[in-house]
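Listed below, chain by chain, are the residues.
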Amino acid sequence: MRYLSTRGNNVSAKFTDILLGGLMDDGGLALPESYPVVSRDNLASWRHLDYRGLAFEIMRLYADDIPEGDLRKIVDRTYTACAFGSDDIAPVRRLQDGVHILGLSSGPTLAFKDMAMQLLGNLFEYALTKSRRQLNILGATSGDTGSSAEYAMRGKSGIRVFMLSPHRKMSPFQTAQMFSLQDPNIFNIAVRGVFDDCQDIVKAVSNDLAFKARFHIGTVNSINWARVVAQVVYYFKAYFAVTKSDDQPVSFAVPTGNFGNICAGHIARCMGLPIKHLILATNENDVLDEFFRTGVYRARPADQVRQTSSPSMDISKASNFERFVYDLTGRDAARVRQLWQQLDRNGAFDLSRTAYFSRIEDFGFVSGSSTHQDRLETIRRVYRDHGQIIDTHTADGIKVGLERREQGVPLICLETALAAKFSDVIVEALGRKPDVPPGLENLEHQPQRFTVLDPDVIAVKDFIEHNCGR
Ligand SMILES: *Cc1c(COP(=O)(O)O)cnc(C)c1O
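As the structure is a computational prediction, the values presented were derived from the model and not from experiment.

Scoring rules and cut-offs
- Residues numbered from 1 in each chain as written.
- Predicted model: local features only at pLDDT ≥ 70, side-chain atom pairs only at ≥ 80, totals over all residues.
- Heavy atoms only, no water.
- Near = heavy atom within 4 Å.
- Polar contact = N/O pair within 3.5 Å; in protein donor to acceptor, adjacent residues only side chain to side chain.
- Areas by Shrake-Rupley, 256 points an atom, 1.4 Å probe, with all protein chains shown as cover.
- Nonpolar A, V, L, I, M, F, W, Y, C, P; charged D, E, K, R; others polar.
- Axes fitted to C-alpha atoms, helices over the stretch in contact; angles between N-to-C directions.
- Helix = DSSP H or I, 4+ residues; strand = E, 2+ residues; numbered from the N terminus.
- Parallel < 35°, antiparallel > 145°, perpendicular 65-115°, else oblique.
- Left-handed = near helix turned anticlockwise from the far one by under 90°.
- Contact = heavy atoms within 4.5 Å.
- Buried < 20%, exposed > 50% of the residue type's maximum accessible area, 1.4 Å probe, protein only.
- Pairing = 2+ DSSP bridges.
- Right-handed = clockwise from strand over helix to strand, strands pointing away.

Trainee: I'd like a rundown of the site of the ligand, residues and numbers included.
Mentor: Around the ligand there are 15 residues in total, and Lys113, Asp144, Gly257, Asn258 and Thr416 lie nearest to it. Within the contact set of the ligand, an oxygen atom lies 2.5 Å away from a side-chain nitrogen or oxygen of Lys113. For the ligand, an oxygen atom lies 2.7 Å from a polar atom in the backbone of Asn258. Coverage of the ligand by the protein amounts to 97% of the 380 Å² it exposes when considered alone. Among the residues making up the shell around the ligand, the classes are represented as 5 nonpolar, 8 polar and 2 charged.

Right under this line is the structure:
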């Protein structure tokens, strides 16, 4: 399997070449030269595999430069009952007739990002050990991504994590999740400022190419290809869980921010999984819903991003969206380059009067958005009718999924976090707190390990230099 860039540079890299990287040299994103097609026979033989078996079969199509024995060990070590709460790894439960919830939030940080990030941690360690290299991951987080990365990289040899977060601005639960980690390779830096200050520092450090090279600085953001492909697995897993034959169509409802999760659904569909609709759900930050309804992609300036009660979907632009547009244009890299130039210049591009726009249907996408009020109502309805407490992001997906579903086609709604992470909104909706999973009741009372720094690039660089043990 060879990888290329959505902007057309003919790089022809292998999986492990792009594993540790972010953007490609030409500013594009990595994609395989073609998606492997899964036949009905393949589907039939995969139907009875457990999660590890399925993950191995899918990953090996894309990571064919990792010896199969090694890959199988990495996958087996990742998807354990110990890390994900049960051997099912991603359990599917019934909500009502024809509507199911795919649980993706039983990993260590109670959000779906663990599904891919846990694998990424083991893949990184494998690749770095093999090449005798080190990696210092630098990131900025307002919650989910940072903790997921820390739990994936803790204790891994050759890897350190320097994670910036806005001092005293995350929820107590999220803060405790990150700051209670005592692993010597995890460094929590609480920046006296807001999330954008953290983000700016990461950019400034990454733009200092000499520093970046000298200290082996890398990232784990959502454009990482290995993360996207690891998420393809659970679309297959859920498909097998709700169907009896290998030609029955299903639809998925996906709460969306950076288009990572639903991009994996798009790839599963391109591989031949019988997906009728990919139902994309946004919150009030509806950049993507707007595109799929109107054909206009309009990135929002930072000051127009609303802070909502599904905060992990509060985005100004969707960093993985370029992958879909590449496929939508029939893999026309010149066109993609031109569209993203337009985006940089004018903040928007418009496909409404092009043939591409009518092809969106062929790709199975439909979309919708929801508001804070919708989330409260959906959380109440699901609790009243089914006795289940869902989180706010999952509520966005269920609300839009139920609106856009078709009779006779099973609907699978992706559960992207557990309610315990967002207990304030649950109290607002239901007048009670959500249950905290066993073992985490005491999390907020654990000793915390973090360093407070001013929003100052030099201070952060000094901290990295001081702690990276060269
Ligand atoms: C990150 C996240 C999302 C959005 O996922 P994307 O891959 O960015 O679309 C949705 N819900 C939760 C809980 C998340 O943490």
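Trainee: Help me get a handle on the packing of helix α3 (residues 51–62) against helix α4 (residues 68–78), residues and values and all.
Mentor: Where α3 contacts α4, the two axes come as close as 9 Å, and the packing angle between them is 135°. Taken together, the axes of α3 and α4 are oblique relative to one another. Read as a crossing pair, α3 and α4 show a hand that is right-handed. Across the interface between the two elements, Arg52, Ala55, Phe56, Met59 and Arg60 from α3 touch Glu68, Leu71, Arg72, Val75 and Asp76 from α4.

Trainee: Any chance you could break down the pairing of strand β7 (residues 186–191) for me, citing the residues and the numbers?
Mentor: When you tally the buried positions in β7, you get 6 out of 6 residues, the bulk of the element. Every second residue of β7 is oriented toward a common face, with Ile186, Asn188 and Ala190 on one face and Phe187, Ile189 and Val191 on the other, all of them buried. Bridge count for strand β6 (residues 159–166) against β7 is 6 bridges, and the pairing is parallel. Bridge pairing in β7 links Phe162 to Phe187. Handedness of the crossover joining β6 and β7 through helix α8 (residues 172–179): right-handed. Sheet analysis places β7 next to strand β15 (residues 451–453), joined by 3 bridges and oriented parallel. Bridge pairing in β15 links Val191 to Leu453.

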